[in-house]
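# Structural features, examined
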Amino acid sequence: SVTGPLRGKSYLGENFEVYLDSLSKFARKHSVDLVPGSLIESENGKQFNTTVYLDKKGKLLNKYRKINLWYGEKSFLSSGNSISIFKTSFGLCGLAICWDLMNPSIFRHMAKEGAKYIFVPSFWSDYGKVNTKYEVKNINTLCYARALENECAIIFSNAAGSCGSNRADDNLVGHSQISVPI
C-alpha cells in the first residue's frame, strides 16, 4: 500500500508497462531517442522512481531507478541500487534522476565507466520557499559541477510551471539545460 502524499490514490506504478509501451510506440513513430522523464514502477511490493532510455526504434536500451530519494519521496518510494550506463548511437550514456545531482559519486562512477552523456530528468521545485532564484542557482551550479568534474555532458530536463495542485512543491522551476565542461 502507498503511504505519504499518495495514500489512497490510484498509483501509476501499476501501469508502468502500459506507459512504457506507449512511449516506445511514440519513439518508433517519430524516430527519436527518448528519455521521457520518470515514472513510478512497482516490483515485489516496492515502488521506484524510474526513468528509461528508448532508442528511435522504440527499444528499451536501459532503465534506472533513482538512488538518492528526495526527503518527501522516502516515505513511499524505495531507493534503486545500481548505476545505469549503456551504449547508444551517440556513444556511452548514463541516467540519473533529479535529486541524484546532489550525489557526485553516481556521476563519477558513470564517467569512470566511459559515459559521455548523462541524462537527468527532473521535477525540481522551490518547495514552497517561493525563492526560485535560489533553486535556479542550485541547478546551475550542480549541473555545471557534475559536467566539469566528470568531463561529460549533463542533459538536465526539468518540468516548469504549476501542476495546479496547490501543494508546497507545485512551483516547478524549469531551467532545463545542457552543461558541458569548458
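Scroll up a little and you will see the structure.
Residues numbered from 1 in each chain as written. Predicted model: local features only at pLDDT ≥ 70, side-chain atom pairs only at ≥ 80, totals over all residues. Heavy atoms only, no water.

Here we take up the overall build of the protein chain. Broken down by element type, the protein chain carries three helices and ten strands. Listed by position from the N terminus, the elements making up the protein chain come as α-β-β-β-β-β-α-β-α-β-β-β-β. Evaluated residue by residue, the protein chain yields a buried proportion of 42% over its 182 residues. Within the protein chain, contacts between residues at least 6 apart in sequence are counted, and of these 57% link residues at least 24 apart. Total accessible area on the protein chain stands at roughly 9,900 Å², and carbon and sulfur atoms take up 53% of it. (Helix = DSSP H or I, 4+ residues; strand = E, 2+ residues; numbered from the N terminus. Buried < 20%, exposed > 50% of the residue type's maximum accessible area, 1.4 Å probe, protein only. Contact = heavy atoms within 4.5 Å. Areas by Shrake-Rupley, 256 points an atom, 1.4 Å probe, with all protein chains shown as cover.)

Time to look at the pairing of strand β1 (residues 39-43). Across five bridges, β1 lies against strand β2 (residues 46-54) in antiparallel orientation. The partner of L39 across the bridge, within β2, is T50. With antiparallel pairing between neighbouring strands as the criterion, β1 and β2 make up a hairpin whose turn holds two residues, including N44 at a positive phi of roughly 50 degrees. (Pairing = 2+ DSSP bridges.)

Glancing now at the packing of helix α2 (residues 104-112) against helix α3 (residues 132-150). Relative to each other, α2 and α3 sit at 35 degrees, their axes nearing to 10 Å. Between α2 and α3 the crossing geometry is right-handed. Contact residues: α2 offers P104, F107, R108 and A111, while α3 offers R146, E149 and N150. Residues belonging to the contact of α2 with α3 are distributed by class as follows: three nonpolar, one polar and three charged. (Axes fitted to C-alpha atoms, helices over the stretch in contact; angles between N-to-C directions. Left-handed = near helix turned anticlockwise from the far one by under 90°. Nonpolar A, V, L, I, M, F, W, Y, C, P; charged D, E, K, R; others polar.)

Once that is clear, we can look at unusual backbone geometry. Even without being a glycine, S31 presents a positive backbone phi close to 50 degrees. Mapped onto the elements, S31 comes out in the loop between α1 (16-30) and β1. What makes S31 partly exposed here is its relative accessible area of 45%. Not every positive phi belongs to a glycine, and E151 is a case in point at roughly 50 degrees. The residue E151 is located in the loop between α3 and β7 (153-158) in this model. Residue classification places E151 among the exposed positions, given a relative accessible area of 60%.

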